[in-house]
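Chain and residue survey
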Amino acid sequence: MDFNLLVDAVSQNAAFLEQTLSSTIKQDDFTARLFDIHKQVLKEGIAQTVFLGLNRSDYMFQRSADGSPALKQIEINTISASFGGLASRTPAVHRHVLSVLSKTKEAGKILSNNPSKGLALGIAKAWELYGSPNALVLLIAQEKERNIFDQRAIENELLARNIHVIRRTFEDISEKGSLDQDRRLFVDGQEIAVVYFRDGYMPRQYSLQNWEARLLLERSHAAKCPDIATQLAGTKKVQQELSRPGMLEMLLPGQPEAVARLRATFAGLYSLDVGEEGDQAIAEALAAPSRFVLKPQREGGGNNLYGEEMVQALKQLKDSEERASYILMEKIEPEPFENCLLRPGSPARVVQCISELGIFGVYVRQEKTLVMNKHVGHLLRTKAIEHADGGVAAGVAVLDNPYPV
Ligand code: ADP
Ligand code: MG
């Protein structure tokens with residue numbers, strides 16, 4: 001909930017976004033294009049009045065110096081945060097497996113979890129506030145969608161509330177989407193209340209035509225989840241700048257408890273912008289590579305650099321302006337445990353694993369009033385320790401359930 005407030009505050013602070021991303025957009029074309037749309041929308045005036053955030057903040061457990069375990073944030077996902085649907089189904093799977101093994105007591109300890117319902121309630125609230133009973137929810141889907149069942153769980157929850165969802169690609173929008181004089185969005189002649197992006201977070205998802213479709217959607221009165229500013233608020237560069245002293249206080253004035261809770265989850269984050277501070281960060285990472293991760297402004301897994309690869313990249317980037325498109329992060333070292341991962345094409349055997357806990361947060365804001373802000377469930381992903389990067393979609397991690405002891 002604190003992270004919802006923070007993301008929402010960042011998304012409304014155009015000066016903070018501009019200043020934070022100024023060095024990055026000179027070097028990273030993808031962030032620059034998103035930022036360009038953000039500027040265009042601001043210039044024209046924001047037609048959107050209802051704002052919807054479906055976020056997932058990801059953490060790993062790490063022991064602090066005094067031995068107490070603490071959750072440290074890996075990142076926050078503000079666009080297309082996935083697995084809320086599938087994570088709603090996995091408790092039943094694990095309970096079943098344990099019951100088959102006659103471990104009834106253990107089966108009873110698997111936590112219940114239903115993020116898809118909470119995510120759908122957020123969409124439903126935004127739809128209701130939009131205030132047009134015949135309007136639809138538009139889900140922007142990928143051309144070749146591999147995670148459709150995750151999305152269907154949310155769609156079905158909406159249908160149960162008599163809210164209809166249509167699935168379209170960016171290409172469909174560029175052909176069939178239009179705005180009326182009040183910038184209300186229509187697709188195939190039907191009015192759209194909420195646009196839910198499950199595409200549009202990676203460079204390769206945008207052709208020129210798709211960028212135009214994204215701009216059309218952003219200019220519209222429909223509630224976008226997320227709007228372009230909220231997507232930018234989820235970049236790694238913003239995450240790094242938020243860790244600077246005073247930033248949280250500036251963005252969340254008068255909320256010292258929330259600021260303290262947020263700060264307690266921050267790992268070390270370092271700017272690589274050209275200058276003394278960046279030089280020092282590079283020198284530290286080169287001296288102790290195992291303690292750091294190098295991250296570009298990308299989502300979707302498989303983009304970060306570790307170990308020797310990171311060293312090579314840092315040596316190359318050192319004397320180039322391009323280094324501003326990356327950030328450096330302290331490597332979080334959770335304690336490994338033994339578990340058995342069920343993955344296609346790999347034998348089931350006990351291996352050393354680590355887990356990452358995601359917390360789903362939902363918020364809805366109408367103009368300046370926050371009308372919903374809650375957490376709606378969790379996602380636990382577990383992977384073998386030899387995989388530094390990569391999630392479930394990459395075939396590395398598996399969906400899991402917390403087992404409270
Ligand atoms: P993406 O946006 O591509 O998902 P992440 O920042 O979530 O990028 O990183 C991908 C994966 O890399 C994470 O799921 C986690 O397993 C690992 N990872 C990222 N940052 C760290 C870190 N600071 N310490 C340890 N592992 C990390
Ligand atoms: Mg991630």
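All residue numbers here refer to positions counted from 1 along the written sequence of the relevant chain. Think of it this way: whatever chain is written first is A, whatever ligand is written first is 1, and the rest follow in order. Two thresholds apply to this predicted model, a pLDDT of at least 70 for residue-level local features and 80 or more for giving and counting side-chain atom pairs, whereas whole-chain, interface and lining totals are computed over all residues. Just so you know, side-chain values use all the structure's heavy atoms and leave hydrogens and water out.

Let us look at the site of ligand 1. Neighbouring ligand 1 are 20 residues, the closest being Lys236, Lys295, Gly301, Glu356 and Lys383. Distance and chemistry together define a polar contact, namely a pair of N or O atoms within 3.5 Å, with one atom able to donate a hydrogen and the other to accept it when in protein, and with adjacent residues in sequence counting only for side-chain atoms on both sides. One of the backbone nitrogen or oxygen atoms of glycine 301 is found 2.6 Å away from an oxygen atom of ligand 1. Glutamate 330 has a polar backbone atom sitting 2.8 Å from a nitrogen atom of ligand 1. Computed on the free molecule, ligand 1 has an accessible area of 540 Å², of which 94% lies beneath the protein chains in the complex. Here a helix means four or more residues in a row that DSSP labels H or I, a strand means two or more in a row labelled E, and each is numbered from the N terminus. Those elements that place two or more of their residues in the shell around ligand 1 are strand S2 (69-77), strand S10 (292-296) and strand S11 (326-330). Within the shell around ligand 1, the residues separate by chemical class into seven nonpolar, three polar and ten charged. Residues are counted as near a molecule or strand when any one of their heavy atoms sits within 4 Å of it. Method for areas: the Shrake-Rupley scheme with a 1.4 Å probe, in which residue coverage is limited to the protein chains shown. Throughout this entry, Asp, Glu, Lys and Arg are counted as charged residues, while Ala, Val, Leu, Ile, Met, Phe, Trp, Tyr, Cys and Pro are counted as nonpolar. The remaining residues, Gly among them, count as polar.

We call a set of buried residues a nonpolar core when its members are Ala, Val, Leu, Ile, Met, Phe, Trp, Tyr or Cys and they connect through side-chain atoms within 4.5 Å of each other. For each residue, the accessible area found with a 1.4 Å probe, counting protein chains only, is set against the maximum for its type, and the residue is called buried under 20%, exposed over 50%, and partly exposed in between. Leu6, Val10, Leu138, Val195 and Leu217 are the most contacted members of the largest nonpolar core, which totals 50 residues. Contacts are residue-level and defined by heavy atoms, with any inter-residue pair within 4.5 Å sufficient. Setting aside its immediate chain neighbours within four residues, leucine 6 contacts Leu242, Leu248, Leu251, Leu252 and Leu262.

Attention now goes to a nonpolar patch on the surface. A cluster of nonpolar residues, Val93, Val97 and Leu101, forms a patch on the protein surface that exposes about 260 Å² of accessible area. With respect to the element layout, leucine 101 can be found in the loop between helix H4 (90-100) and helix H5 (104-109). Here, patches come from residues exposed beyond 30% relative accessible area and free of salt bridges, joined within 9 Å for like charges and within 5 Å for nonpolar side chains (Val, Leu, Ile, Met, Phe, Trp, Tyr). What counts as a salt bridge is simple: a side-chain nitrogen of Lys or Arg found within 4 Å of a carboxyl oxygen of Asp or Glu.

What follows covers the UniProt feature "binding site: Mg(2+)" (unreviewed entry) in the protein. Here the UniProt feature "binding site: Mg(2+)" (unreviewed entry) sits at Glu75, Asn77 and Glu299. Spanning 225 residues, the named residues nonetheless gather at one spot, since no C-alpha pair among them exceeds 9.9 Å. Mapped onto the fold, glutamate 75 is located in strand S2. With relative accessibility at 14%, the residue glutamate 75 sits in the buried group. Discounting residues that sit within four places of it in the chain, glutamate 75 has contacts with Arg56, Ser57, Asp58, Lys236, Gln239 and Glu299. Structurally, glutamate 299 can be placed in the loop between S10 and helix H15 (307-317). When near neighbours in sequence (up to four residues on either side) are disregarded, glutamate 299 contacts Glu75, Asn77, Tyr201, Met202, Gly234 and Lys236. There is a polar contact of 3.2 Å between the side chain of glutamate 299 and the side chain of lysine 236. UniProt positions are given in the numbering used here, feature names are shortened, and annotations may be inferred rather than shown by experiment.

The next subject is the packing of aromatic side chains. Pairing of aromatic rings covers Phe, Tyr and Trp, the last through its six-membered ring, and needs centres within 6.5 Å; plane angles under 30 degrees mean stacked, over 60 mean edge-to-face, and all others mean tilted. Within the structure shown, the criterion is met by eight aromatic pairs. When the centroid spacing of 5.4 Å and the interplanar angle of 35° are considered together, the rings of phenylalanine 170 and tyrosine 206 count as tilted. On the criterion of sequence distance, the pair formed by phenylalanine 170 in helix H8 (residues 170-176) and tyrosine 206 in the loop between strand S7 (190-197) and helix H9 (208-219) is long-range, its members being 36 residues apart. The exposure classification of phenylalanine 170 matches that of tyrosine 206, with both residues buried. Among the aromatic residues, ring-to-ring pairing joins Phe30, Phe170, Phe197, Tyr206 and Trp211 into one connected group. The ring centre of phenylalanine 197 lies 4.3 Å from the NZ or CZ of arginine 214, which sits over that ring. Look at NZ for Lys and CZ for Arg. If either is within 6 Å of the ring centre and within 35 degrees of the ring normal, a charge sits over the ring. For the cation-ring pair, arginine 365 lies above phenylalanine 51, with the distance from its terminal atom to the ring centre recorded as 4.3 Å.

As a further point, take the pattern of salt bridges. Scanning all chains against the criterion turns up 29 salt bridges. Between aspartate 2 and arginine 261 there is a salt bridge, and its shortest N-O distance comes to 2.6 Å. One end of the pair, aspartate 2, is in helix H1 (residues 2-11); the other, arginine 261, is in helix H13 (residues 256-263), and 259 residues separate them in sequence. Taking the relative accessible area as the measure of exposure, aspartate 2 reaches 17% and is therefore buried. With a relative accessible area of 47%, arginine 261 lands in the partly exposed category. Between arginine 167 and glutamate 155 there is a salt bridge whose closest N-O contact spans 2.6 Å. On the criterion of sequence distance, the pair formed by arginine 167 in strand S4 (residues 165-168) and glutamate 155 in helix H7 (residues 148-160) is long-range, its members being twelve residues apart.

Before going further, it helps to spend a moment on the environment of glutamine 181. Mapped onto the elements, glutamine 181 comes out in the loop between strand S5 (177-179) and strand S6 (185-187). Residue classification places glutamine 181 among the exposed residues on the basis of a relative accessible area of 73%. Note: C-alpha distance between glutamine 181 and alanine 124 (57 residues apart in sequence) is 26 Å.

The feature "domain: Glutathione synthase substrate-binding" (unreviewed entry), as annotated in UniProt, sits at residues 136-233 in this numbering. With 39% helix and 27% strand, residues 136-233 has end C-alpha atoms that lie 26 Å from one another.

Moving on to the sheet that holds strand S9 (residues 269-271). Between any two strands, at least two bridges found by DSSP are needed for them to pair. With antiparallel pairing, three strands are arranged side by side in an open sheet as S9-S11-S10. Edge strands, defined here as strands with exactly one partner in the open sheet, are S9 and S10. Between one strand and the next, the sheet's axes are offset by a mean angle of 30°, whatever the strand orientation. When S10 meets S11, the two strands line up antiparallel, connected through five bridges. Along S11, the bridge assignment pairs phenylalanine 292 with glutamate 330. Angular values range over 0 to 180 degrees, each being the angle between N-to-C directions of two axes fitted as lines to C-alpha atoms, with helices fitted over their stretch in contact. In the packing of helix H14 (residues 276-287) onto the sheet, the strands contacted are S9, S10 and S11, and the crossing angle to S9 comes to about 130°. H15 contacts S10 and S11 of the sheet and is inclined by roughly 60° relative to S10.

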